[in-house]
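Spelled out from the first residue to the last, the chains are:
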Amino acid sequence: MLSHGGKLLIIGFTLLTICAHAQSGSSPSSGSSSDRLSLPSSRTQYQNDNKSYWDNKKYNFEKGYVDEAHDLPPVFYNARGAAIFGSHNHSFQVEHQAVVPLFRAEDMDGLLFMYEHEDHTPFARDNGGSQVESVTNFDNLRIEYELTDDLAFKTIGGYDTYSKVDRIGAVGGYRGGIGLGTPYEDNLEDLRWEVTAGGLARSENLKSNWFLDADVSYRVVEITIGKSPANTEFNPSILLEMKQQSTNDDSKYHYYVEAGPTLEILSVNNNRFSFYVHYFRNSFNEFQMVHDRGLMAGIQGTTFRDMPQEFSYDWDFEGVRWIPRMWGKAEVAGSPDGFLRKMKLYLDAWDVSLAGQVVSVYGDYEHRQDQIGDLSSTSFSVAAGAKTYIEPNDWLGVITDGQHLAPFAQFFHRSDHALNIKDINRLQPTTTSNGYLKRMSTDNLEAGFQTISWGNPNYRIEKYQDDTRFVNEWDWMIKAGYSTTSQRQRSQPPASAGVNWDIFSIHGFVFYTQGIVSTGEASPDYLAEFGIKRPSGSVFVRLENYGLPARLEDENKPVYVGLGLNL
């Protein structure tokens, strides 16, 4: 059932890579040889002018460059999670949305072809806790034609799936329709709207035969608080937002609606970070949560790479930084045994000063969907903690390859779930009072050290210069802790060590290798990867054992070939 969405995603990301390479085909001219992050606890001259150049234009090393003159608009990515109040059935929901421009048909009056992926994961209340209820995937091809500067004609077609988690059951169907709205390029405009409608074709247990969707966002007011960064495109803003999705059976209208205010601010590295409070109601929409209503209060991260602009990664205002840093990576990969879809988001929420030392409070989030053999699974990981930074001296610089060392301490939670179970007897389940398989979960208290660029492939941008050379840059991570919940009955302590080596560059295409080994309840059990990366993303070959419980995992340890998109 999920294979339809997986195939569409693989096709979309394949085309994306071609486009991304074309977008990032220009290469940065030689910049400072010390192009590394400097911190407010030790300001340097480089920090005062922390910019690289790409064809004589400012380049933010945290984000891929998109040429203003290029005919393709930037990639849009959105991830959010919300606590739910006043609901009888649900406690939480997480969502992701990606829109990837593929190509523009100039000989057809500039038709814009895009790939869109969206997924929703509601969490149900179960025995006083939370249990993943379902995973919905929307995978569609969108075509857009601009009628005017403010109005576009739209068509949409693809395949949607709804899978019950830790239970038997799924819904799937094809969709095709037309609509009107603001052009995709107007993503940062004060008013954005879209209305689409069309047919649904029954494929797997789907009762509905037509749909009507509407989405509108209006920037009501901008807020000026203190001294904002000098070159942001807009100040913190309050938006009013509404979206409605319906799956309908003849005259029966089954809607999911969500509406309310959103506070939006611009992240330091040109992403957007938001807080929202929205009322929602689901009236038997087949691709959404179980029938319910309530109030969502959540956070949201959005990337829309419409830059460059003259913007420094560093703090352009006095006092402690209050605008967050946010980045991430989306991946899709395949193997003879199945496929993998993964999204990881990093958020440095805010900084505080303790005894003159900068401390960053952060949160990391990962969602992955695996299909190995005839078993499908979904896994969620969340880490929340604090880190600080140690400036390298002569001996520490040797260990960190000249980077700051980042000690950290965090709480880590991971839960693993079966997805759309085909043969429940094979899994030997134990169930909760509400009929769910009992989830497999892990809770760790961890601490460790890492180089500041671990998990951030674009930290040192000079490696993407258009030349051929031995790069020889490396990053590493080591951590250990104590597992307070270990349903897989693994030994203490949970511990991991990893290293990434950027080996050499051929005309700005950087060849790298990465390895991770773990013990106990740390993730993954092991990983060995080799690939080629650019500021926009990477192509990789990966051998990985994520350590899924035996009830969810075949004996195969897949070798994945995949694509990654930096967000």
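Scroll up a little and you will see the structure.
Computed from a prediction, not measured in an experiment: that's the story for all the values here.

### Looking at the overall build of the protein
Consideration 1: Of regular secondary structure, the protein possesses three helices and 27 strands.
Consideration 2: For the protein, buried positions account for 59% of its 567 residues.
Consideration 3: Counting only contacts in the protein whose residues sit at least 6 apart along the sequence, the fraction spanning at least 24 positions is 63%.
Consideration 4: Counting only carbon and sulfur atoms, one obtains 59% of the accessible surface of the protein, whose full area is about 22,400 Å².

### Some points on the nonpolar core
Consideration 1: Counting residues in each nonpolar core, the largest one holds 25 residues, and the members touching the most others are Y77, M343 and F380.
Consideration 2: When residues of this core are traced back to their parent elements, those giving at least two are strand 3 (76–85), strand 4 (90–105), strand 5 (111–126), strand 16 (325–335) and strand 17 (338–354).
Consideration 3: Residues in contact with F380, not counting those within four places in the same chain, are V94, T121, F123, V132, Y365, E366, H367, H413, R414, S415 and H417.

### A few points about the packing of aromatic side chains
Consideration 1: Counted by the stated rule, this structure contains nine aromatic pairs.
Consideration 2: Seen from their ring centres, Y253 and Y255 are 6.0 Å apart, and the 35 degrees between their planes marks the pair as tilted.
Consideration 3: Taking the relative accessible area as the measure of exposure, Y253 reaches 37% and is therefore partly exposed.
Consideration 4: Measuring from centroid to centroid gives 5.2 Å for F273 and F275, while their planes differ by 85 degrees, and the two rings are edge-to-face.
Consideration 5: According to the relative accessible area criterion, F273 is buried, its value standing at 7%.
Consideration 6: A relative accessible area of 41% places F275 in the partly exposed class.
Consideration 7: Site record: aromatic cluster; members linked through ring pairs are F92, F123 and F380.
Consideration 8: We note R175 situated over the ring of F211; from NZ or CZ to the ring centre the distance is 4.3 Å.

Conventions we followed
- Residues numbered from 1 in each chain as written.
- Predicted model: local features only at pLDDT ≥ 70, side-chain atom pairs only at ≥ 80, totals over all residues.
- Heavy atoms only, no water.
- Helix = DSSP H or I, 4+ residues; strand = E, 2+ residues; numbered from the N terminus.
- Buried < 20%, exposed > 50% of the residue type's maximum accessible area, 1.4 Å probe, protein only.
- Contact = heavy atoms within 4.5 Å.
- Areas by Shrake-Rupley, 256 points an atom, 1.4 Å probe, with all protein chains shown as cover.
- Core = buried A, V, L, I, M, F, W, Y, C linked by side-chain atoms within 4.5 Å.
- Phe/Tyr/Trp six-rings, centres within 6.5 Å; stacked < 30°, edge-to-face > 60°.
- Lys NZ or Arg CZ within 6 Å of the ring centre and 35° of its normal.

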